[in-house]
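Spelled out, the chains give:
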Amino acid sequence: MTVLDDIIVGVREDLETRRAALPLEELKKQAAAQAPALDALAALRGAEAGSVEIISEVKRSSPSKGALSDIPDPAELAAAYQAGGAAAISVLTEERRFKGTLADLDAVRAAVSIPVLRKDFTVDEYQIWEARAHGADLVLLIVAALDDDTLRRFLDLTHELGMNALVETHTPEEIERAVAVGARIVGVNVRNLKTLEVDNANFSKLAPLLPADAIIVAESGVASPEDVANYASHGAKAVLVGEALVKSGTPAETLRDFRAAGSQARQAWLASASA
């Protein structure tokens, strides 16, 4: 069993507990009562072609690194992210490996006015309704965890609810599958979810396989502004950053540095591409 398979087993068990406590029909009523989802597609596209947008993550722990930060007040951290110029905020809600909760999502949603991503291992449509009921504007769909029919169905449901999806890929075949179902925001995760190994060089190999009109999001492997710049120099329009921000004593300032370095590199990449 791979790491991804093991995580999904726990996700399904926890999901059934929540479903037993709150049936889908009741959850749908809660989702309908929410304000309309924010336009995450526009937020990640940014106001300028040469900008690199940052998805800043509220992340307490990870399977590869263990505990990262206590984050006693996720709302305070999210507010700092927004002040630093984050385009969106990702909130881990998986409990066993990442120590996240839906309460974290609620706290962040109440604290910021920018799009919020519910980051979890989506394996059932209940979780998509759940994300909307808790105010999320984006959900994560991992291609490696879904067959084509399910991926398409989940993406369609996400759009029906007015949300967007970050469709995560790791290989050329997964990129092909993401494009085939019409994904508009495509993440290239350089972390192998089967082994948890990270290889930043994979981004430069995979990003060119995506269509020009896709919003390409680089995921994992960010420790410095140079890492963000490297992704931007190979076509990233947005970068998802977790560990480096939650461990920073000055998350807003660190975020600004990441965004500035990425935007400078992207502008150079665009100039080179048009030369």
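Residues numbered from 1 in each chain as written. Predicted model: local features only at pLDDT ≥ 70, side-chain atom pairs only at ≥ 80, totals over all residues. Heavy atoms only, no water.

### A look at the overall build of the protein
Put simply, the rule reads: Each helix is a run of DSSP H or I of at least 4 residues and each strand a run of E of at least 2, with the numbering of both proceeding from the N terminus. The size measure is the radius of gyration over C-alpha atoms, and the globule rule it meets is 2.2 Å times the number of residues to the 0.38 power. Each residue gets one of three labels from its accessible area relative to the maximum for its type: buried under 20%, exposed over 50%, partly exposed in between, using a 1.4 Å probe on protein chains only. Residue contacts are counted whenever heavy atoms from the two residues lie within 4.5 Å of one another.
The number of helices and strands found in the protein is 12 helices and 10 strands. Taking 275 residues into account, the globule formula puts the C-alpha radius of gyration at 19 Å, and the protein, at 17 Å, falls close to it. By principal-axis analysis of the C-alpha atoms, the protein measures approximately 55 × 40 × 35 Å. A burial count over the protein gives 55% of its 275 residues as buried. Sequence-distant contacts in the protein: of pairs separated by 6 or more residues, those separated by 24 or more amount to 69%.

### Remarks on unusual backbone geometry
Even without a glycine there, the phi angle at Ile-71 is positive, about 45 degrees. With respect to the helices and strands, Ile-71 occurs in the loop between β3 (66-67) and α4 (74-83). A positive phi is found at Lys-99, a non-glycine position, where the angle reads about 60 degrees. The class of Lys-99 is partly exposed, set by a relative accessible area of 47%.

### Notes on the environment of Ile-215
Looking at where Ile-215 falls in the secondary structure, it is placed in strand β9 (residues 215-219). Ile-215 sits in the buried class, given a relative accessible area of 5%. A C-alpha to C-alpha distance of 24 Å links Ile-215 and Leu-196, two positions 19 residues apart in sequence. Residues contacting Ile-215, with those up to four places away along its chain left out, are Leu-41, Leu-44, Arg-45, Arg-184, Ile-185, Val-186 and Lys-237.

### Thoughts on the environment of Leu-105
Tracing the sequence through the fold places Leu-105 in helix α5 (residues 102-111). For the pair formed by Leu-105 and Ala-136, sequence separation is 31 residues and the distance between their alpha carbons is 7.7 Å. When sequence neighbours within four positions are dropped, the list of residues in contact with Leu-105 reads Val-91, Thr-93, Val-116, Arg-118, His-134 and Ala-136.

### Description of helix α8 (residues 172-180)
The following threshold applies: Our arc is simply the arc of the directions from the helix axis toward the C-beta atoms.
When α8 is considered as a whole, its buried residues turn out to be Glu-174, Ile-175, Arg-177 and Ala-178. All buried residues of α8 project into a common sector of 160 degrees when viewed along the axis, lining one side. Opposite its buried face, α8 presents the exposed residues Glu-176 and Ala-180, each directed more than 90 degrees away. Where α8 is buried, its residues contact α7 (148-160), β7 (164-169) and α9 (201-206). The first or second residue beyond α8 is Gly-182, which carries a positive phi of 90 degrees.

### A few points about the pattern of salt bridges
What counts is decided by this rule: Within this document, salt bridges are pairs made up of a side-chain nitrogen of Lys or Arg and a carboxyl oxygen of Asp or Glu, the two lying within 4 Å of each other.
The tally for this structure, following the rule as stated, stands at 19 salt bridges. As a salt-bridge pair, Asp-124 and Arg-19 come within 3.0 Å of each other at their nearest N and O atoms. Linking Asp-124 in the loop between β5 (116-119) and α6 (125-133) with Arg-19 in helix α1 (residues 3-21), this pair joins segments that are 105 residues apart in sequence. For Asp-124, a relative accessible area of 18% translates into the label buried.

### Some words on the sheet that holds strand β1 (residues 53-58)
Backbone-to-backbone hydrogen bonds join strands into a sheet, with any given pair of strands oriented parallel or antiparallel. The condition that has to hold: The pairing criterion is simple: DSSP has to find at least two bridges between the two strands. Throughout, an axis means a line fitted to C-alpha atoms (over the contacting stretch in the case of helices), and angles, computed between N-to-C directions, take values from 0 to 180 degrees.
Pairing is parallel in the closed barrel, where 8 strands are placed in the order β1-β4-β5-β6-β7-β8-β9-β10. The sheet shows a mean angle of 25 degrees between the axes of neighbouring strands, direction not considered. Strand direction decides the pairing type here: strand β4 (residues 88-92) and β5, joined by 4 bridges, are parallel. Bridged to Ser-90 within β5 is Leu-117. Of the strands in this sheet, β1 and β4 are in contact with α4, which crosses β1 at around 170 degrees.

Function cannot be inferred from these measures alone, as they are strictly geometric.
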